[in-house]
Amino acid sequence: MDLILSSLDILARWDVVLALLVGSIGGVLIGAIPGVGPAVAIAILLPATFSMDPIVGLTVLLGIYGSSMYGGSIPAILINTPGTAVNALTTYDGYPMTTRGEARRAIALAYSSSFFGGIFSVVCLILFAPVLAKIAPMFGSREIFLAALLGIILVVTAHHRQTLIAAALASFGIWLNTIGLEPVKYTKRYTFDQSWLSSGVNLIVVVLGLFALSQAFILLQGEDEKVRLTKLRGSFFQGFRELARHPRVAGVSATFGVIMGMIPGVGEFTAQFMSYTYAQKTSKRPEDFGHGSSEGLIAAETANNAVPAAAMVPLLALGIPGEALTAMMLSVFYVHNVIPGPGLFQNRMDFVVALYISLLILNVLVLVFLLMATNQLIKVVKIPNRFLGMCVLVLSFVGVYSLRNSATDCALAAGFGVLGFVLKRLNLPIVPIILGMVLGGIMEVKLRAGMARVKTPFDFIDRPVAMILFIMIVLVLILHFVRVWRDYKQRGTSKNPPKSGLTG
């Protein structure tokens, strides 16, 4: 009880309350605008959050992360264009419902499913908190190194049929992190006698370039689309009544979201497709899926909104981000010298519980805002792409320059923006670069600390947690290579179909 009261004291400040409002409402607005997305918004806001208290900055970013998916369902349902990438599956059943004249029903169902997924995830986190507090001290330098290595392997293997390029881009991210002064003896690495490289390549510069500037270039070179919207009439509360008729689909989808969110490199897409597949396989009307099935919409929206809170588990417990957005949040922790990991649960449990409570409040605020303002909110879908692109471009360069008042950082960000633009046009992943930079730094520091007590290779995995992580790494690699071999055999079979044996 004392812990909850101290956590509420942290949240009962005007700046934290303002951050809750800005994060929740701002995230919905950003999610509802196709082409922007939470990654771009968080990248732009990162420099500003460095001057805030950690709880304030993280609350804003968490608000945008979690609430953007609520907003992203609006254009996905109304105009068949997902507001965020993870709302793509919502278009499968949401838009067909709109074409049948059931747009209000689809949006109400999306809101209620998203709310259930978000609350379910946070409640799971609160229940897991005591367990995490006991498990976290078991992780020393070797265990955290192995966990970070497992995270990179999972990120790479999650990109099916793009494994090699994902591995190359992750390695590129690890190399970027090594530029500058190394952390022990402060010798220069890959600086080529250039003084501006001595301080290294700033993570925020890379993030803004790869995510924000690249998206600005895409918006600027595209054409503005004319969108027609009809006003939605009636109450949005009926979605909860319809959701209550499908408790099995909602419960299983939320569980998939929580589990997938806690595994680095997996995230919303895997959770969605697993939930959607489960719902379709177990439905009494599987033929409706893709043609306006309420179960399909529930599965997609519940799963993706259960992921954000769950993704905070590896970040808070081990200091290991699972994807790009939590990697950006990690930089906010480091700037304020609040180091995620075992020590956080031992020394700052009130801070952790305050984050959990803020996630609960955010979901409630988002739902109230959406139920009251949807008809006004849908107008943001009409904002021209080129205007958005110009706004993102200007705000990105302002954010980069404000970091260190450096024109060199702006030039670097522009270079990474071009790289991100090329990767997006080629449909190649960007996330491995960011996670390579973040996890590469963690791996280097923890490997050096862990090697001090290692005499033989077996000493590195002689503790129970280290052994479990090592076995998990081996299993992930084996399963990946088995999948690659099966794909290879299938391609060979399709190229050489069996002969019928009949002669003419």
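See the structure shown above.
The shown structure was predicted, so the numbers you read here are calculated from the model rather than taken from an experiment. (Residues numbered from 1 in each chain as written. Predicted model: local features only at pLDDT ≥ 70, side-chain atom pairs only at ≥ 80, totals over all residues. Heavy atoms only, no water.)

Student: I would appreciate a short explanation of the overall build of the protein chain in the present structure.
Tutor: When helices and strands are tallied, the protein chain shows 20 helices and 2 strands. The C-alpha atoms of the protein chain give a radius of gyration of 23 Å, which matches the 23 Å a tight globule of 504 residues would have. By the burial criterion, 55% of the 504 residues in the protein chain qualify as buried. Looking at the protein chain alone, contacts between residues at least 24 apart form 79% of all its contacts between residues at least 6 apart. For the protein chain, the accessible area works out to roughly 22800 Å², and carbon and sulfur atoms hold 65% of it. Side-chain charges of the protein chain comprise 38 positive and 25 negative groups, with the mean position of each set lying 6 Å from the other. (Helix = DSSP H or I, 4+ residues; strand = E, 2+ residues; numbered from the N terminus. Rg over C-alpha atoms; globule rule 2.2 N^0.38 Å. Buried < 20%, exposed > 50% of the residue type's maximum accessible area, 1.4 Å probe, protein only. Contact = heavy atoms within 4.5 Å. Areas by Shrake-Rupley, 256 points an atom, 1.4 Å probe, with all protein chains shown as cover. Lys, Arg positive; Asp, Glu negative; His and termini not counted. Charge placed at Lys NZ, Arg CZ, Asp CG, Glu CD.)

Student: Hey, could you run me through the environment of Leu-125 in this one?
Tutor: For Leu-125, the location among the structural elements is in helix 6 (residues 103-135). On the accessibility criterion, Leu-125 (2% relative accessible area) is buried. For Leu-125 and Val-400, which are 275 residues apart along the polypeptide, the C-alpha to C-alpha distance reads 34 Å. Ignoring anything within four residues of it in the chain, the contact list for Leu-125 reads Ala-309, Ala-310, Val-313 and Tyr-356.

Student: So what exactly am I meant to see when it comes to the environment of Val-484 here?
Tutor: Inspection of the secondary structure puts Val-484 in helix 20 (residues 464-495). Since its relative accessible area comes to 39%, Val-484 is described here as partly exposed. Expressed as a C-alpha distance, the spacing of Val-484 and Met-329, which sit 155 residues apart in the sequence, is 34 Å.

Student: Just to check I follow, could you spell out the pattern of salt bridges for this structure?
Tutor: Tallied over the full model, the rule gives 6 salt bridges. Between Arg-142 and Asp-462 there is a salt bridge, with the nearest N and O atoms lying 3.4 Å from each other. Of this pair, Arg-142 sits in helix 7 (residues 141-158) while Asp-462 sits in the loop between helix 19 (431-450) and helix 20, placing them 320 residues apart in sequence. You can call Asp-462 partly exposed: its relative accessible area is 40%. Residue Arg-189 pairs with Glu-444 through a salt bridge whose shortest N-O separation is 2.8 Å. Taken together, the positions of Arg-189 in strand 2 (residues 188-189) and Glu-444 in helix 19 put the pair 255 residues apart, joining distant regions of the chain. In terms of burial, Arg-189 and Glu-444 fall into one category: buried. (Salt bridge = Lys/Arg side-chain N within 4 Å of Asp/Glu carboxyl O.)

Student: Sorry, what's going on with the nonpolar core here?
Tutor: Nonpolar side chains tend toward joint burial in soluble globular proteins. Ile-55, Phe-211, Leu-316, Met-328 and Phe-333 are the most contacted members of the largest nonpolar core, which totals 155 residues. When residues in this core are grouped by element, the largest group, 16 residues, is from helix 16 (residues 349-377). Among all residues touching Leu-316, those that are not within four sequence positions of it are Phe-333, Pro-340, Gly-341, Leu-344, Phe-345, Val-352, Leu-355 and Tyr-356. (Core = buried A, V, L, I, M, F, W, Y, C linked by side-chain atoms within 4.5 Å.)

Student: I tried to follow the packing of aromatic side chains on my own but got confused; where do I start?
Tutor: The final tally for this structure, using the stated rule, is 9 aromatic pairs. Between Phe-256 and Tyr-278, the ring centres sit 6.5 Å apart and the planes meet at 70 degrees, which makes this aromatic pair edge-to-face. Here Phe-256 is found in helix 11 (residues 247-262), whereas its partner Tyr-278 is found in helix 12 (residues 267-282), with 22 residues between them in sequence. What links up through ring pairs into an aromatic cluster is the set Phe-172, Trp-175 and Tyr-190. (Phe/Tyr/Trp six-rings, centres within 6.5 Å; stacked < 30°, edge-to-face > 60°.)

Student: So what exactly am I meant to see when it comes to the environment of Val-40 here?
Tutor: Topologically, Val-40 is positioned in helix 3 (residues 37-49). Linking Val-40 and Leu-208, residues 168 residues apart in sequence, is a C-alpha distance of 7.4 Å. Dropping the residues within four chain positions of it, Val-40 is found in contact with Phe-211, Ala-212, Gln-215 and Val-392.

Student: Would you take a moment to explain the side chain of Ser-358 for this structure?
Tutor: Locating Ser-358 in the fold gives a position in helix 16. If we ignore the near neighbours within four places in the chain, the residues touching Ser-358 are Leu-11, Leu-20 and Thr-59.

Student: How do you make sense of the packing of helix 8 (residues 163-178) against helix 19 when you look at a structure like this?
Tutor: The packing of two helices is summarised by the inter-axis angle and the distance between the axes. At a closest axis distance of 7 Å, the pairing of helix 8 and helix 19 adopts a crossing angle of 50 degrees. In terms of their interaxial angle, helix 8 and helix 19 are classed as oblique. For the element pair helix 8 and helix 19, the recorded crossing hand is right-handed. Note on element contacts: helix 19 touches helix 8 through Pro-432, Ile-433, Gly-436, Met-437, Gly-440, Gly-441 and Glu-444, opposite Ala-166, Leu-169, Ala-170, Phe-172, Gly-173, Ile-174, Leu-176 and Asn-177. Its residues assigned to classes, the contact of helix 8 with helix 19 shows 9 nonpolar, 5 polar and 1 charged. (Axes fitted to C-alpha atoms, helices over the stretch in contact; angles between N-to-C directions. Parallel < 35°, antiparallel > 145°, perpendicular 65-115°, else oblique. Left-handed = near helix turned anticlockwise from the far one by under 90°. Nonpolar A, V, L, I, M, F, W, Y, C, P; charged D, E, K, R; others polar.)

Student: For this particular structure, what's the right way to read a nonpolar patch on the surface?
Tutor: Together, Phe-470, Ile-471, Val-474, Leu-475, Ile-478 and Val-482 make up an exposed nonpolar region whose accessible area comes to about 470 Å². Topologically, Phe-470 is positioned in helix 20. (Patch = residues over 30% accessible without salt bridge, like charges linked within 9 Å, V, L, I, M, F, W, Y side chains within 5 Å.)

Student: Where do I start with the side chain of Glu-301 in this structure?
Tutor: Note on placement: Glu-301 falls in helix 13 (residues 294-318). Buried charge without a salt bridge: Glu-301, with Arg-105 as the nearest opposite-charge side chain at an N-O distance of 15 Å. Side-chain polar atoms of Glu-301 contact the side chain of Ser-114, separated by 2.8 Å. Those residues within four positions of Glu-301 in sequence are excluded, and the remaining contacts are Met-69, Ser-73, Asn-87, Thr-90, Ala-110, Ser-113 and Ser-114. (Polar contact = N/O pair within 3.5 Å; in protein donor to acceptor, adjacent residues only side chain to side chain.)

Student: Would you mind showing me how to read the state of the cysteines here?
Tutor: Here is the idea: a disulfide is a covalent bond, and it sits between the sulfur atoms of two cysteines. Counted by the stated rule, this structure contains 0 disulfides. Between Cys-410, a cysteine without a disulfide, and Cys-391, which holds the nearest cysteine sulfur, the sulfur-to-sulfur distance is 18 Å. The class of Cys-410 is buried, set by a relative accessible area of 15%. (Disulfide = S-S within 2.5 Å.)

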